[in-house]
Amino acid sequence: MDQYIIRGGATLHGEVEISGAKNAAVAIIPAALLVKGVCRIENIPQISDTDTLLTILTQLGARVSYLSKSTIEIDCTDTRYQDAPYDLMRKIRASYYLIGSMLGRFGSAKTTMPGGCNFGVRPIDQHIKGMRALGAEISVKNGFVYADAIDGRLHGARVYLDKVSVGATMNIMIAAVLAEGRTIIENAAREPHIVDLANFLNSMGADVRGAGTDTIKINGVEELHGGTYTIIPDQIEAGTYMVAAAATGGEVLIKNIIPKHMEGISAKLRETGTVIEEFEEALLVKGPTSLRRINLKTMPYPGFPTDMQPQFGVLLCLANGTSVITEGIYDNRFKYVNELRKMGAEIQVDGRVAVIDGGRRLTGAPVHACDLRAGAAMVIAGMVASGVTEIDDIHFIERGYERFVEKLNALGADIQVHYDEEESASARAFSIS
Ligand code: EPU
């Protein structure tokens, strides 16, 4: 079984370099399909989700080459329509961006319903609503999505999102870039990766305005051209190391970040007594000797991100007093609580609310990584627990954290990776490629 084996008790010290943002990269790679020319993309995170998407593009006829570990060139000039490879599409959530990019480029898309982490029902009705407004005929049958631009090319339209959705906002942006006329997305999501996608598209010749606000205007253009683009740093990866530093009572300089993107996370960490010093592209995080309880609620950006909720769940097990976490985005993002209970945590969950009775000493145990961020949370729990923690299903963690174990061990953690050759052969094939 693939496992991380963590000997607890480390105090993290030193510097860590943050990689490119996963949730920007997983939209930008599919969006490169719109470009006739070479897209040079810098600061690509080396994680299995980006590897999977690059493999999908290659199977659609793109030429992908690595200039360095984090710089790639994608040339989609000679791609032509074909059905997207279903086995790969099913693996990840972000494969839904192929619906927008294939519709925009070819006027047709046939894909599977997306995979990804399971936090309860994760519909894509707002993506479909947007594509329909742009003139696509869409049906979902037997787990497949069939989409065709009725006139062969999409046309601009006004789309109001009934729910603030990161994926729907970015997918509609991608589809609208080559559509005829103007598209307006209202009640759009405002996450940093939405601005990053807009900047990428604009640097390739698109005309996208207002990203980062709740109204995004896209004037369709005839063609996109090649160019060079650097992906922003990963807000959630940075936040995870910040919590790891705070939880272990360490002192870590988090480098290559945009402090503005970290404000929601920094604010809640400061409430726990954690000291944070801000520099131009770095944050110094000093864990306190004793953590204070807090309440938090996850919300769309600029609110506190749901993707940091499990890591804070662990932190608040250590804080003195009772903390309350309210999950404002997903129906079922507290599955990791059962794993934490195995380590001695006292947490009551009622629907979207978790009440954490803090001040506990966690003890090592065999646990699962239920999903990507829950897995990262279990790693933090393992580092602060006494004894040894064995985490399985670590492929979830490797979907989104570049060289996680290597970076943590460089800060003083004691984590060994055990790969089972048979179990991990296919999962790791992507990470290595
Ligand atoms: N929703 C709908 N209909 C839709 C789309 C979304 O009802 O058509 C609902 C969802 O079920 C959810 C809420 O709206 O309750 C927000 O979902 P959103 O669309 O914003 O999420 P997503 O695009 O599926 C992305 C990230 C997630 C992150 C969320 C929220 C990617 C590939 N995934 O998901 O990242 O949690 O935004 O910020 O960008 C992660 O990185 O660990 C991760 C899960």
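Cut-offs used in this document
Residues numbered from 1 in each chain as written. Predicted model: local features only at pLDDT ≥ 70, side-chain atom pairs only at ≥ 80, totals over all residues. Heavy atoms only, no water. Phe/Tyr/Trp six-rings, centres within 6.5 Å; stacked < 30°, edge-to-face > 60°. Helix = DSSP H or I, 4+ residues; strand = E, 2+ residues; numbered from the N terminus. Buried < 20%, exposed > 50% of the residue type's maximum accessible area, 1.4 Å probe, protein only. Lys NZ or Arg CZ within 6 Å of the ring centre and 35° of its normal. Pairing = 2+ DSSP bridges. Axes fitted to C-alpha atoms, helices over the stretch in contact; angles between N-to-C directions. Core = buried A, V, L, I, M, F, W, Y, C linked by side-chain atoms within 4.5 Å. Contact = heavy atoms within 4.5 Å. Near = heavy atom within 4 Å. Polar contact = N/O pair within 3.5 Å; in protein donor to acceptor, adjacent residues only side chain to side chain. Areas by Shrake-Rupley, 256 points an atom, 1.4 Å probe, with all protein chains shown as cover. Domains from an automatic or database assignment. Salt bridge = Lys/Arg side-chain N within 4 Å of Asp/Glu carboxyl O. Nonpolar A, V, L, I, M, F, W, Y, C, P; charged D, E, K, R; others polar.

**Student:** Before we move on, could you go through the packing of aromatic side chains and cite the residues and values that matter?
**Tutor:** With the rule as written, the count across this model stands at nine aromatic pairs. Relative to Phe106, the ring of Tyr81 has its centre 5.9 Å away and its plane inclined at 80°; by these criteria the two rings are edge-to-face. Residue Tyr81 is found in the loop between β5 (71-75) and α3 (86-89), and its partner Phe106 is found in helix α4 (residues 97-106); the two are separated by 25 residues along the sequence. Here the aromatic rings of Tyr241 and Phe404 are separated by 5.8 Å at their centres, their planes lie at 75°, and the arrangement is edge-to-face. Taken together, the positions of Tyr241 in helix α8 (residues 235-247) and Phe404 in helix α14 (residues 404-410) put the pair 163 residues apart, joining distant regions of the chain. Each member of the pair Tyr241 and Phe404 is classed as buried. The ring of Phe144 has Lys110 sitting right over it, with the charged end atom 5.0 Å from the ring centre. Positioned above the aromatic ring of Tyr146 is the side chain of Lys141, whose terminal nitrogen or guanidinium carbon lies 5.3 Å from the ring centre.

**Student:** Report on the sheet that holds strand β2 (residues 13-17), specifying residues and quantitative values.
**Tutor:** Taken in spatial order, the four strands make up an open sheet running β2-β14-β16-β15, and their pairing is mixed. Only two strands of the sheet have a single partner each, and these edge strands are β2 and β15 (275-278). In this sheet, neighbouring strand axes are inclined to one another by 15° on average, regardless of whether the strands run parallel or antiparallel. Summarising the sheet, strand β14 (residues 251-255) and strand β16 (residues 282-286) pair through five bridges and their orientation is antiparallel.

**Student:** Now, about the nonpolar core: what can you tell me, with residues and values included?
**Tutor:** Residues Ile74, Met173, Leu197, Phe200, Leu201 and Leu224 are the most contacted members of the largest nonpolar core, which totals 77 residues. Beyond its immediate sequence surroundings of up to four residues, Ile74 is in contact with Ile29, Ala32, Gly37, Val38, Cys39, Ile41, Leu54, Leu57, Ala62, Arg63 and Val64. The next biggest cluster of nonpolar side chains, apart from the first, holds 70 residues, and it includes Ile254, Ala319, Leu362 and Ala385.

**Student:** Report on the pairing of strand β3 (residues 38-42), specifying residues and quantitative values.
**Tutor:** Judged by which residues are buried, β3 turns out to be one-sided: Cys39 and Ile41 face inward and are buried, whereas Val38, Arg40 and Glu42, on the alternate face, are not. For β3 and β5, the ladder comprises four bridges, and the chain directions are antiparallel. Across the sheet, Val38 pairs through a bridge with Asp75, a residue of β5. Pairing between β3 and strand β13 (residues 227-230): four bridges, direction parallel. Opposite Cys39, over in β13, you have Gly227 as the bridge partner.

**Student:** Lay out the site of the ligand with the relevant residues and their values.
**Tutor:** Near the ligand lie 25 residues; those nearest to it are Tyr96, Gln126, Ser165, Asp307 and Ile329. Lys22 has a polar side-chain atom sitting 2.9 Å from an oxygen atom of the ligand. Within the side chain of Asp307, an N or O atom sits 2.6 Å from an oxygen atom of the ligand. In the complex, 93% of the free accessible area of the ligand, which totals 820 Å², lies under the protein chains. Counting only elements with at least two residues in the shell around the ligand, the list comes to α1 (22-31), α5 (125-133), α6 (166-176) and α12 (372-384).

**Student:** Report on helix α10 (residues 309-318), specifying residues and quantitative values.
**Tutor:** An α-helical turn contains 3.6 residues, so a residue and the one three or four places further along point in the same direction. Across the 10 residues that make up α10, a large majority, 10, are buried. Those residues of α10 lying buried are Gln309, Pro310, Gln311, Phe312, Gly313, Val314, Leu315, Leu316, Cys317 and Leu318.

**Student:** Lay out the domain arrangement of the chain with the relevant residues and their values.
**Tutor:** Under the domain assignment used here, the chain contains domain 1 (3-19 + 233-428) and domain 2 (22-230). The distance between the C-alpha centroids of domain 1 and domain 2 comes to 30 Å. Counting from both sides, the interface comprises 22 residues of domain 1 and, opposite them, 19 residues of domain 2. Taken together, the connections running from domain 1 to domain 2 amount to one salt bridge. Here Arg399 and Asp49 are joined by a salt bridge, their closest N and O atoms 2.9 Å apart. At the junction of domain 1 and domain 2, the tally comes to seven residue pairs in polar contact (both at pLDDT 80 or more). Classifying every residue of the side of domain 1 that touches domain 2 by side-chain character gives seven nonpolar, five polar and 10 charged.

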